[in-house]
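Residue-level listing of the chains:
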Amino acid sequence: MNGVKIIGLNKEIKKNKVLTDINLEMTKGKIYGFYGRNGSGKTMLFRAVSGLIKPTSGEIYIFGKKIGRDVSFPESLGLVIETVGFWSQYTGFQNLKFLASIKNVISDNEIKNAIKRVGLDPGEKKTYKKYSLGMKQRLGIAQAIMEKPELIILDEPTNALDSEGIDLVRNILWEEKNRGAIIMIASHNKEDIQLLSDEKYMMDNGRLYSVLEESTK
């Protein structure tokens, strides 16, 4: 299977349904945009696809492997959901170097290139705790793309960014799409969804609805 397939996904937390009968197929080289009010289920869906929560029922396949059976987490995943857990006492490069050492599939130069792509300086001596919110967001994007993952999941990727940072991230996502990645983004910024997404979805009360182009304007 050359993509992501979600079949009959349901999730209950304390008898509350947070995801209801989600069915979705996603293919390589496309950006999928999700929007909806807070609590609509976007982040829960992203957590389920990432293997961070276990479905109550249903199946999720990532490139042919079932999450929770064949693998615990997608094998090639770049992820930003809420706050990325970086170490406050280390620089941006040191943080990414440590994370990259887990799989050990990229070089220092590739880490530095990812940092440059998001508009940060890989030689910056400032520690993460001294970063602005925008710098923290950029570093989070850098860690998500640095290993050239097949699946990229970004919750509010342009949050806390200025207009220059927003343009930069949008260009990065187009580049990653052209590389062949599957990209899932959730955003309160309707313009992000409108400009970036090949397919658009609205979530409401844990249900997923496909959105036609004209209805998002």
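Up top is the structure.
Residues numbered from 1 in each chain as written. Predicted model: local features only at pLDDT ≥ 70, side-chain atom pairs only at ≥ 80, totals over all residues. Heavy atoms only, no water.

1. Focus: the packing of aromatic side chains
Where two aromatic rings form a pair, the distance of their centres and the angle of their planes describe that pair. Filter applied, for reference: Under the pairing criterion, centres of Phe, Tyr and Trp rings, with the six-membered ring standing for Trp, must be within 6.5 Å; the plane angle then separates stacked pairs below 30 degrees from edge-to-face pairs above 60, leaving the rest tilted. Helix and strand definitions here come from DSSP, where helices need a minimum of 4 consecutive H or I residues and strands a minimum of 2 consecutive E residues; each element is numbered from the N-terminal end. Residue exposure (1.4 Å probe, protein chains only): buried if accessible area is under 20% of the type maximum, exposed if over 50%, otherwise partly exposed.
Per the stated rule, a full pass over the model turns up 5 aromatic pairs. Note on Phe34 and Tyr201: the rings are 5.5 Å apart at their centroids and 20° apart in plane angle, and the pair reads as stacked. Remark: Tyr201 occurs in strand β9 (residues 199-204) and Phe34 occurs in strand β3 (residues 30-35); sequence separation between them is 167 residues. Pair check on accessibility: Phe34 and Tyr201 agree, each one buried. Ring centres 4.7 Å apart and planes at 80° place the aromatic pair Trp87 and Phe98 in the edge-to-face group. Residue Trp87 is located in the loop between β6 (77-80) and α2 (92-103), and its partner Phe98 is located in helix α2; the two are separated by 11 residues in the primary sequence. The exposure class assigned to Phe98 is partly exposed, which follows from its relative accessible area of 46%. Taken together, the ring pairs connect Phe34, Phe46 and Tyr201 into an aromatic cluster.

2. Observations regarding helix α1 (residues 42-50)
Regarding α1, the residues found buried are Lys42, Leu45, Phe46, Ala48, Val49 and Ser50. Just downstream of α1 lies Gly51, where phi reads positive at about 85°.

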